[in-house]
Amino acid sequence: GGKERGLFPIESLQTAFSNRLYYRGFVKYAWQYWIPLLSLTTGARPNEIAQLTREDITFNNDRFFLDINDKNGKSVKTKSSIRKIPVSNRLVELGFKEFVSSLSIGEGVNIWEGLTADSTTGYYSAKISYWFITKFESLGLAREDHEKRVLDYYSFRHYFITKAASLNDEDSYKAYVGHSRGSG
């Protein structure tokens, strides 16, 4: 395999998400704003977030959830990847509810205007990763951590999983990120 994946240093995340390049008015498409935030705060795989339809965003008990599923031709890595993930209240404060309410698309239609799957693989993640890493590098942020581990888009997921694992509730965090018990 390739190099080991590292965790984004908190300082790099603060720089990336507080920079004017990141504010909604500065990106061309909503996915460029919301998908990195959803990745950071849910630990979901980029392709899982990229496949969301309006019906996959639900509201229950005063909370938004992402319904990660394999309905209507969507794909998931494993059966344990099918799950409901709560959306951070911080994202609601940043306008996620308004974004979802503004969607005027048909049933089963992907919510991310301007985001297309790779014609060869069928995955969205390469486009998401390329866009974000290009922005990340434009801020002068490192692509490797101090231990020479690669920092890439999946470092969001690695960051979330590592932080969640530190809470010592393995079954909960594994279910949350779509890992079955005993898998990595």
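Residues numbered from 1 in each chain as written. Predicted model: local features only at pLDDT ≥ 70, side-chain atom pairs only at ≥ 80, totals over all residues. Heavy atoms only, no water.

Some thoughts on the packing of helix H2 (residues 30-42) against helix H6 (residues 125-138)
Reasoning step 1: At their nearest, the axes of H2 and H6 sit 11 Å apart, and the two run at 90° to each other. One finds that H2 runs roughly perpendicular with respect to H6. Taken together, the residues of H6 that come into contact with H2 (itself represented by Trp31, Gln32, Ile35 and Pro36) are Lys127, Ile128, Trp131 and Phe132.
Reasoning step 2: For the contact of H2 with H6, the residue count by class is six nonpolar, one polar and one charged. (Axes fitted to C-alpha atoms, helices over the stretch in contact; angles between N-to-C directions. Helix = DSSP H or I, 4+ residues; strand = E, 2+ residues; numbered from the N terminus. Parallel < 35°, antiparallel > 145°, perpendicular 65-115°, else oblique. Contact = heavy atoms within 4.5 Å. Nonpolar A, V, L, I, M, F, W, Y, C, P; charged D, E, K, R; others polar.)

Observations concerning the packing of H2 against helix H7 (residues 155-165)
Reasoning step 1: Packing of H2 against H7 leaves a shortest axis separation of 7 Å and a crossing angle of 25°. Between H2 and H7, the crossing angle belongs to the class labelled roughly parallel. Across the interface between the two elements, Pro36, Ser39, Leu40, Thr41 and Thr42 from H2 touch Phe156, Tyr159 and Phe160 from H7.
Reasoning step 2: Taken together, the residues that form the contact of H2 with H7 break down as five nonpolar, three polar and no charged.

Concerning the nonpolar core
Reasoning step 1: Grouped together as the largest cluster of nonpolar side chains are 42 residues, with contacts concentrated most on Trp34, Ile35, Leu38, Phe96, Trp112 and Phe132.
Reasoning step 2: Of all the secondary-structure elements, those providing two or more residues to this core are helix H1 (10-18), H2, helix H3 (46-50), strand S2 (63-68), helix H5 (96-102), H6 and H7.
Reasoning step 3: Among the elements that line this core, the one with the most residues is H2, at seven residues. (Core = buried A, V, L, I, M, F, W, Y, C linked by side-chain atoms within 4.5 Å. Buried < 20%, exposed > 50% of the residue type's maximum accessible area, 1.4 Å probe, protein only.)

A few points about the sheet that holds S2
Hydrogen bonds along the backbone pair up the strands of a sheet, which may run parallel or antiparallel.
Reasoning step 1: In spatial order, the strands read S1-S2-S3; together these three strands make up an open sheet with antiparallel pairing. The open sheet has two edge strands, strand S1 (57-60) and strand S3 (83-86), and neither has a second partner. Between one strand and the next, the sheet's axes are offset by a mean angle of 35°, whatever the strand orientation. (Pairing = 2+ DSSP bridges.)

Describing H1
Reasoning step 1: Among the residues of H1, Ser12, Leu13, Ala16 and Phe17 are the ones counted as buried. Along the axis of H1, the buried positions cluster into a sector of 115°, meaning they face one direction only.
Reasoning step 2: On the buried face of H1, the contacting elements are H2, H6 and H7. (Arc of directions from axis to C-beta.)

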